[in-house]
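# Per-entry structural report
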Amino acid sequence: MNTTPSIIDTVMNMVSQSIQVLTKPSVETFEQYENKGTLREAVIYVLVAAVITGLFSLGSGLGAFLNGIIGTIVGFLIFTYLVHYVGKTQGGTGTLDNVAYTFALFWAPINVVVAVVSLILLITLIGIFLIPLLAIGALVINVYFAYLAVQSSMNLRESGKIWITLAVAFVGTLIASLVIAGILR
């Protein structure tokens, strides 16, 4: 008998957990959920978010849609693997499953919301000028939640070690994303 939850059940559970993480941001909230899923569930959730956000870019063609999905999943995997690896070198004790799951809980819904708001802003003339502010806001929010997620998933509490972990993961993911973008062209 298969006890693996369906994709729909996985996504619905994670949406509920994401609401808690986003409305009550704290290390403690992340810790409530870090052991509730695995890399599998995290990838499913990020894939669903990538498809939703990709639907907003279908006007650019099917190739752009598929490249966006591939880039999103690969970028998420690279980032979480690097957070786990670097976090371990900094004395962290979390698992890859903990890291991927906690990051998916905030990253996926924030990206969907930003995509929806961006589309709304693109429709309005004045809104076009607000998109850079939205991007900066999204970056700040993601960094805030990533900082909490590293504390929870890697069990790191020293600020310097958390920032090193996030900075190396960011730079590594940026380099990998540039290489992937070059390949997918």
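For the structure itself, consult the block above.
Criteria and thresholds
Residues numbered from 1 in each chain as written. Predicted model: local features only at pLDDT ≥ 70, side-chain atom pairs only at ≥ 80, totals over all residues. Heavy atoms only, no water. 1 Å grid on protein atoms, 1.4 Å probe; cavity = no way out; pocket = protein on both sides within 12 Å on 5 of 7 lines; lining within 4 Å. Points joined across faces, edges and corners; volume = space filled by probe spheres on them. Nonpolar A, V, L, I, M, F, W, Y, C, P; charged D, E, K, R; others polar. Core = buried A, V, L, I, M, F, W, Y, C linked by side-chain atoms within 4.5 Å. Buried < 20%, exposed > 50% of the residue type's maximum accessible area, 1.4 Å probe, protein only. Helix = DSSP H or I, 4+ residues; strand = E, 2+ residues; numbered from the N terminus. Contact = heavy atoms within 4.5 Å. Salt bridge = Lys/Arg side-chain N within 4 Å of Asp/Glu carboxyl O.

## Considerations on the layout of surface pockets
Taken as a whole, the largest pocket encloses approximately 1,200 Å³ of empty space. What lines the largest pocket is a set of 37 residues, among which Thr72, Trp107, Asn111, Leu139 and Asn142 lie closest to the centre. Residue composition of the lining of the largest pocket, grouped by class: 25 nonpolar, twelve polar and no charged.

## Quick word on the nonpolar core
Residues Val83, Phe103, Phe106, Val150 and Leu166 are the most contacted members of the largest nonpolar core, which totals 38 residues. Tallying contributions element by element places helix 5 (residues 96-123) first for this core, with eleven residues. Sequence-distant contacts of leucine 166, that is, excluding residues within four places in its chain, are made with Phe79, Phe103, Ala146, Tyr147 and Val150.

## As for the pattern of salt bridges
As enumerated under the stated definition, the model contains three salt bridges in all. With its nearest N and O atoms 3.0 Å apart, the salt bridge here joins glutamate 31 to arginine 157. Linking glutamate 31 in helix 2 (residues 27-33) with arginine 157 in the loop between helix 6 (131-153) and helix 7 (159-184), this pair joins segments that are 126 residues apart in sequence. Of the residues examined, glutamate 31 reaches a relative accessible area of 30% and is grouped as partly exposed. The partly exposed category is assigned to arginine 157, whose relative accessible area is 48%. A salt bridge links glutamate 41 to arginine 40; the nearest nitrogen and oxygen atoms lie 3.5 Å apart. Arginine 40 sits in the partly exposed class, given a relative accessible area of 35%.

This is a description of form; function is not addressed.
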